[in-house]
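# Summary of the model geometry
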Amino acid sequence: MKFAVRLFVALLLPALAHSQTPILEYKLGMSKPWTHLLEVELTIKSVPSSPAALDFVLPIWRTGRYVVFDFAGGVQEFSAIDGSGTPFRWAKTDKSTWRVEKGRATGVTIRYKVYANEFEQRTRGLNDEHAFVDGCAVFMFLPKYRNLPLTLTVAPYGDWHVTTGLDALPGEKFVFRAPNYDVLVDSPLEIGNQKDFEFEAEGKKHVLSIFGPGNYEPDKMMADISKIVKINKEFWGELPYERYVFMLHLGLDGGGATEHLNSTIMQTGPFGFKNPNSYRGFLGLVSHEYFHTWNVKQLRPKGILPYDYTKENYVKELWIAEGTTSYYNGVLMFRAGFNPAHGVYDWVANTVYQDRLRPGNRVQSATEASFDSWVKGRGTQQSYNSEADIYGKGATVSLVLDLEIRQRSNNKSSLDDVMRTLYKRFPLSGHGYTVDDLQSIAEQLAGSSLKKFFEEYVHGASPIDWERSLGYAGLLLQARDGERMPWLGMQTTERENRTRVTSVLAGSPAYDAGVDIGDEVVALNGLRVRTGDLQDRLADYKPGDKVRLTLFRRDRLREFDITLRLQDVPPYWVSRVEQPTPLQKSIFESWLKTTW
Ligand SMILES: [Zn+2]
């Protein structure tokens, strides 16, 4: 018996050793930043001796942007070794997977370089001034061990420092930890001589980290960002983090931003901080990204929880993730007092105009636009003419849904309550929400069925009945018909002293007459015409008049006779009704947190 026990223990021991939790250690170097090459090392220890091969995978997309990037194309000089430096054989099994034949070894270190020169995509960038790393574009993972805790050691170039939402190990500046790969890659790193301003808001630590010179005023920015933090805390009820980092790249090329778990990376011009309009635009960007901290980083659609980094993640809810966020980044700018209350009329009038002008809004639904974001939504003429966009359409649907719920519930409930209920009911640890969940919560709060609303506006592409919806808040929508101008329905721009057609609106006079994107406009009725005076020239004519447009198409002179008509969509005028009902007044006031 004793012998048998000993034998059993002897057999068990190696198995126990192998069942240890593997240890994952990432290292990131950048010894020659001017080459744009990031140096990556990943060591995994205490893996079982079997199976004999380990797969290392690089994502094909990054969170926050629903397109395939194929990051693997930037990988070079891949190698794999054991603890004593002996190389393993490896081979790629698909474009983004490296299979290492480790045999019975229990530890593997892989090394590779990543060409990083795409700052404007907010994926990966390295030059002699700084580095930016979204982990999806740089760090490989082992699918089987994706949920294990890990460490990341950064070796910055020269005197650079690291700013990130990741937690540093106690007493360390360059060693970070993450509970799993998802947190690692959802915590981008800024490495350079960026200026970090720390502040407290609503009892939590925040960092404003700015790369690049500009005319910014950090104290004012921190005070204004604190107001955005406060208004969001009031909205959602809590801040789902201990520390949050607002990263900012100031540069003349490109703009845009990406949301992350407890940070955001925003890119904007360096000199827009003193001009009140530009600064308001910047705060709007902050408002949008920060709202995402809840809507899409915590409260996630079912199709992206968890993220699958190896292929497209199809979801019908991106119009909520992006569009509802766009709607609220506007609303909260009013509630926080950054936008003057009277600005609401222009905001609504412009929203209606843009919605009615875009032909794609009558072709594609909000859910279709969400599902197809992997292959559509590229901001082309085709997008405008035949697609809705998850931002614009999502925001307009959110606006009318908000007013609908307020109206039906006698202003006892709103879309604010729907979002809060979703947030509580679908935590990050769960399985994510669907558009049907949104609908059923909205119906409970509205007190009646929204089947028709969702069929028409969410799953369908019916035109929005703006007059009715705005009326709920006591707003009156009037077409400024007298300002309708004779119209071609195309846009042009000046490039190298030539006037180029940049878009032609589907169904417009120019579209029906055969004008094409890329055409070089030369003359209108025999006289040269430029972008700047096109509208003035058209004002000389009446609807029904024919004009002759002369243009070069692929260097051949062409002429088109176009019959003018008045603009299809007039400019709008929004005002308040003279004598609001108590309900209209209360909806307007609670919607924008203002007085009638
Ligand atoms: Zn967004």
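Summarised in this report is the structure supplied together with it. (Residues numbered from 1 in each chain as written. Predicted model: local features only at pLDDT ≥ 70, side-chain atom pairs only at ≥ 80, totals over all residues. Heavy atoms only, no water.)

## Observations concerning the nonpolar core
As a reminder of what qualifies: Remark: nonpolar core denotes a set of buried residues (Ala, Val, Leu, Ile, Met, Phe, Trp, Tyr, Cys) joined through side-chain atoms within 4.5 Å. Working definition: with a 1.4 Å probe on protein chains only, accessible area under 20% of the residue-type maximum means buried, over 50% means exposed, and in between means partly exposed. We call two residues in contact when some of their heavy atoms are within 4.5 Å.
If you look at the biggest cluster of nonpolar residues, it comprises 87 residues, and the most contacted ones within it are F246 and W591. What W591 contacts, discounting residues up to four positions off in sequence, is Y327, V331, R335, V344, W347, V348, L399, D402, L403, R406, A473 and L475.

## Some remarks on the coordination of the zinc ion
Heads up, the rule is: The rule for donors is simple: N, O or S, within 2.8 Å of the metal, or within 3.2 Å if the metal is Na, K or Ca. Water isn't counted, so a site may look like it is missing partners. Going along the chain from the N terminus, every DSSP run of H or I of four or more residues is numbered as a helix, and every run of E of two or more is numbered as a strand.
Coordination of the zinc ion by the protein involves H288 (NE2), H292 (NE2) and E322 (OE), with metal-donor separations of 2.0 to 2.1 Å. Expressed as a motif, the donor residue spacing for the zinc ion is H-x3-H-x29-E. Placement of H288 in helix α4 (residues 276-291) and of E322 in helix α5 (residues 318-335) is noted, with a sequence separation of 34 residues between them. Each member of the pair, H288 as well as E322, is classed as buried.

## Looking at the side chain of S263
Within the element layout of this structure, S263 appears in strand β20 (residues 263-268). Taking the relative accessible area as the measure of exposure, S263 reaches 0% and is therefore buried. When sequence neighbours within four positions are dropped, the list of residues in contact with S263 reads D186, P188, Y244 and V245.

## Here's the deal with the environment of K32
The residue K32 is located in the loop between β1 (23-29) and β2 (37-45) in this model. On the accessibility criterion, K32 (45% relative accessible area) is partly exposed. Those residues within four positions of K32 in sequence are excluded, and the remaining contacts are L37 and E39.

## Observations concerning the packing of helix α3 (residues 218-236) against α5
Stated formally: Only the contacting stretch of a helix is used when fitting its axis, a line to C-alpha atoms as for every element, and angles between N-to-C directions run 0 to 180 degrees. Angle categories: roughly parallel below 35 degrees, roughly antiparallel above 145, roughly perpendicular from 65 to 115, and oblique for all the rest. A crossing counts as left-handed when the near helix is turned anticlockwise from the far one by less than a right angle, and as right-handed when that turn is clockwise. Residues are grouped as follows: nonpolar covers Ala, Val, Leu, Ile, Met, Phe, Trp, Tyr, Cys and Pro; charged covers Asp, Glu, Lys and Arg; every other residue, Gly included, is treated as polar.
Relative orientation of the contacting elements α3 and α5 amounts to 110°, with a least axis distance of 10 Å. By the criterion of interaxial angle, the relationship of α3 to α5 is roughly perpendicular. For α3 against α5, the interelement crossing comes out right-handed. Between α3, through I231, N232 and F235, and α5, the contact on the second element is made entirely by Y328, L332 and R335. For the contact of α3 with α5, the class distribution of residues is four nonpolar, one polar and one charged.

## With respect to α5
Defined as follows: By this rule, a helix spans an expected 1.5 Å times one less than how many residues it contains.
Between its first and last C-alpha atoms α5 spans 25 Å; for 18 residues at 1.5 Å apiece the expected length is 26 Å, and the two agree. G337, located one to two residues past α5, shows a positive phi value of around 85°.

## Focus on the sheet that holds strand β11 (residues 150-155)
In plain terms, the rule: At least two DSSP bridges between two strands are required for those strands to pair.
One open sheet accounts for seven strands, arranged β4-β7-β2-β1-β11-β14-β13; its pairing is mixed. Because the sheet does not close on itself, it has two edges, and the strands there are β4 (75-81) and β13 (167-168).

## Observations concerning α4
In plain terms, the rule: Throughout this description, a polar contact denotes any pair of N or O atoms lying within 3.5 Å of each other; where both atoms belong to protein, one of them has to be capable of donating a hydrogen while the other can accept it, and for residues adjacent in sequence the pair is counted only when both atoms sit in side chains.
Its 16 residues place the ends of α4 22 Å apart at the C-alpha level, agreeing with the 22 Å of an ideal helix rising 1.5 Å per residue. Considered for burial, the residues of α4 that qualify are Y279, F282, L283, G284, V286, S287, H288, E289, Y290 and F291. For α4, the N-terminal cap is N275; the gap from its side-chain oxygen to the backbone nitrogen of N277 is 2.9 Å.

## Structural notes on empty space enclosed by the protein
Operational definition: A 1.4 Å probe that fits but cannot get out identifies a cavity on a 1 Å grid over protein atoms alone, an open set with protein on both sides within 12 Å along at least five of seven lines counts as a pocket, and a residue lines either if it has an atom within 4 Å of a point. Grid points are joined across faces, edges and corners, and a volume is the space filled by probe spheres set on the points.
Counted according to the given criterion, the structure contains one cavity of 30 Å³ or more. Quantified by volume, the largest cavity comes out at close to 30 Å³. In terms of lining residues, the largest cavity is bounded by L24, Y26, F141, L142, Y145, R146, L150 and Y181. Here the lining of the largest cavity is composed, by residue class, of seven nonpolar, no polar and one charged.

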